[in-house]
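Overview (structure and organization)
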Amino acid sequence: MTRKQHIFVVDDDPDIRELLSDYLRRHGFAASTAGDAREFFRLLSGRPCDLAVLDIMLPGADGYETFRRLRALSAVPVIFLTALGDITNRVVGLELGADDYLAKPFEPRELLARIRTVLRRAGAPGGGGAATARALRFAGWLLDRAARKLIAPDGVVVHLSGAELRLLRVFLEHPQQVLSRDELLEHTQGRDATAFDRSIDVQVSRLRLRLRDNGREARIIKTVRGDGYVLAADVFPAALPEGGGEAP
């Protein structure tokens, strides 16, 4: 029997924790809750986690620090919650590599929709293969999703920004598939993508530089004129090497 997808809700407000955990269980998920980072990591050590909903304003270690610690352990998807609705906090969370962001107050059904969308993109749970592997290999490169770094064919480690990581993950989740600019923006920026609609070409160019694929005849991320971009490489789950190179 396939286990239920397990969601962690980490928020210092007990009413929110109870409301969201009950709501998620009613909609077919397993749910665990924690009021701070310490409790979250204690529970995480003994339970599966397919997605974490993290409040930014946690006592002690805030949501950003909790996210950084989580990323050192796992590539589990994360949605940030916060009462701070300005664009700065949204950008900070996304640049760290979070999968989505939702400002309080919000409707539980909106959070549920976002959770389902993020889980579909991540391919969890039980999908196996590239969808759930921590490390992915493509065109001689290896991506460690949890550590947020690339290892080049010559062993050199290339660290990625949050934006670069999100874009690369989208390509790796859709190999050999033409993705329009709108689709790339939707996957990387969410429903507010229209505010960023002139940025995707720049982001692709920066990612190509990281991949040493910035010539006029790109081999890894190819331009499909009039349609968008395609990752022209097969993607495979891979084991992480014991050592690693140095960042350039």
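The structure reproduced in this document is the subject of the present report.

**Considering the overall build of the protein chain**
The helix and strand tally for the protein chain stands at nine helices and twelve strands. Looking at the protein chain residue by residue over its 248 residues, the buried ones come to 48%. Across the protein chain, contacts joining residues at least 24 apart in sequence account for 60% of those joining residues at least 6 apart. A total accessible area of about 12,300 Å² is found for the protein chain, and carbon and sulfur atoms account for 49% of it.

**Describing the sheet that holds strand β9 (residues 157-159)**
The five strands lie next to each other as β9-β8-β7-β6-β12, forming an open sheet whose pairing is antiparallel. In this open sheet, the two edge strands, each paired with only one partner strand, are β9 and β12 (235-237). Each strand of the sheet is rotated relative to its neighbour by a mean of 25°, with strand direction disregarded. Direction of pairing for strand β7 (residues 141-144) relative to strand β8 (residues 149-151): antiparallel, over a ladder of three bridges. Opposite Leu 142, over in β8, you have Ile 151 as the bridge partner. Sheet contacts for helix α7 (residues 162-173): β6 (135-138), β7, β8, β9 and β12; angle to β7, the most-contacted strand, approximately 115°.

**Quick notes on the packing of helix α8 (residues 181-189) against helix α9 (residues 200-210)**
Orientation of α8 relative to α9, taken along the N-to-C sense of each, is 80°, at an axis distance of 10 Å. Considered as vectors, α8 and α9 are oriented roughly perpendicular to each other. Packed against α8, whose contacting residues are Arg 181, Leu 184, Leu 185, Thr 188 and Gln 189, the element α9 presents Ile 200, Asp 201 and Gln 203 at the interface. The class makeup of the residues in the contact of α8 with α9 is three nonpolar, three polar and two charged.

**Some thoughts on the pattern of salt bridges**
Enumeration over the complete set of coordinates arrives at ten salt bridges. Of the charged contacts in the structure, one is a salt bridge between Asp 201 and Arg 181, with a shortest N-O distance of 2.9 Å. Of this pair, Asp 201 sits in helix α9 while Arg 181 sits in helix α8; the two residues are 20 residues apart in sequence, bridging distant segments of the chain. Here the residues in one salt-bridge network are Asp 11, Asp 55 and Lys 104, joined through shared partners.

**As for unusual backbone geometry**
For residues besides glycine, phi is generally negative; the peptide bonds are generally trans as well. Geometrically, the link from Lys 104 to Pro 105 is a cis peptide bond, its omega value of -5° lying close to zero. By secondary structure assignment, the location of Pro 105 is in the loop between β5 (100-103) and α5 (108-122). Positive phi, close to 50°, is recorded for Ala 139, a residue that is not glycine. Mapping Ala 139 onto the fold places it in the loop between β6 and β7.

**As for the packing of α7 against α8**
Where α7 meets α8, the closest approach of the two axes is 9 Å, and the angle between their N-to-C directions is 120°. By the criterion of interaxial angle, the relationship of α7 to α8 is oblique. Between α7 and α8 the crossing geometry is right-handed. Counted together, Arg 166, Leu 167, Val 170 and Phe 171 of α7 and Leu 184, His 187, Thr 188 and Gln 189 of α8 form the full contact between these two elements. Of the residues belonging to the contact of α7 with α8, the class tally is four nonpolar, three polar and one charged.

**Looking at the environment of Leu 43**
Its place among the elements puts Leu 43 in helix α2 (residues 37-44). Between the C-alpha atom of Leu 43 and that of Thr 33, which follows or precedes it by ten residues, the distance is 8.7 Å. If sequence neighbours within four positions are ignored, Leu 43 has contacts with Phe 8, Thr 33 and Ala 34.

**Quick notes on α7**
Residues three or four positions apart in an α-helix share a direction because the helix packs 3.6 residues into each turn. In a regular helix each residue adds 1.5 Å, so twelve residues correspond to 16 Å; α7 covers 16 Å between its end C-alpha atoms and thus fits that length. Of all twelve residues that make up α7, eleven are buried, and the element is covered over most of its length. Burial in α7 covers these residues: Gly 162, Ala 163, Glu 164, Leu 165, Arg 166, Leu 167, Leu 168, Arg 169, Val 170, Phe 171 and Leu 172.

About the thresholds
Residues numbered from 1 in each chain as written. Predicted model: local features only at pLDDT ≥ 70, side-chain atom pairs only at ≥ 80, totals over all residues. Heavy atoms only, no water. Helix = DSSP H or I, 4+ residues; strand = E, 2+ residues; numbered from the N terminus. Buried < 20%, exposed > 50% of the residue type's maximum accessible area, 1.4 Å probe, protein only. Contact = heavy atoms within 4.5 Å. Areas by Shrake-Rupley, 256 points an atom, 1.4 Å probe, with all protein chains shown as cover. Pairing = 2+ DSSP bridges. Axes fitted to C-alpha atoms, helices over the stretch in contact; angles between N-to-C directions. Parallel < 35°, antiparallel > 145°, perpendicular 65-115°, else oblique. Nonpolar A, V, L, I, M, F, W, Y, C, P; charged D, E, K, R; others polar. Salt bridge = Lys/Arg side-chain N within 4 Å of Asp/Glu carboxyl O. Left-handed = near helix turned anticlockwise from the far one by under 90°. Expected span 1.5 Å × (residues − 1).

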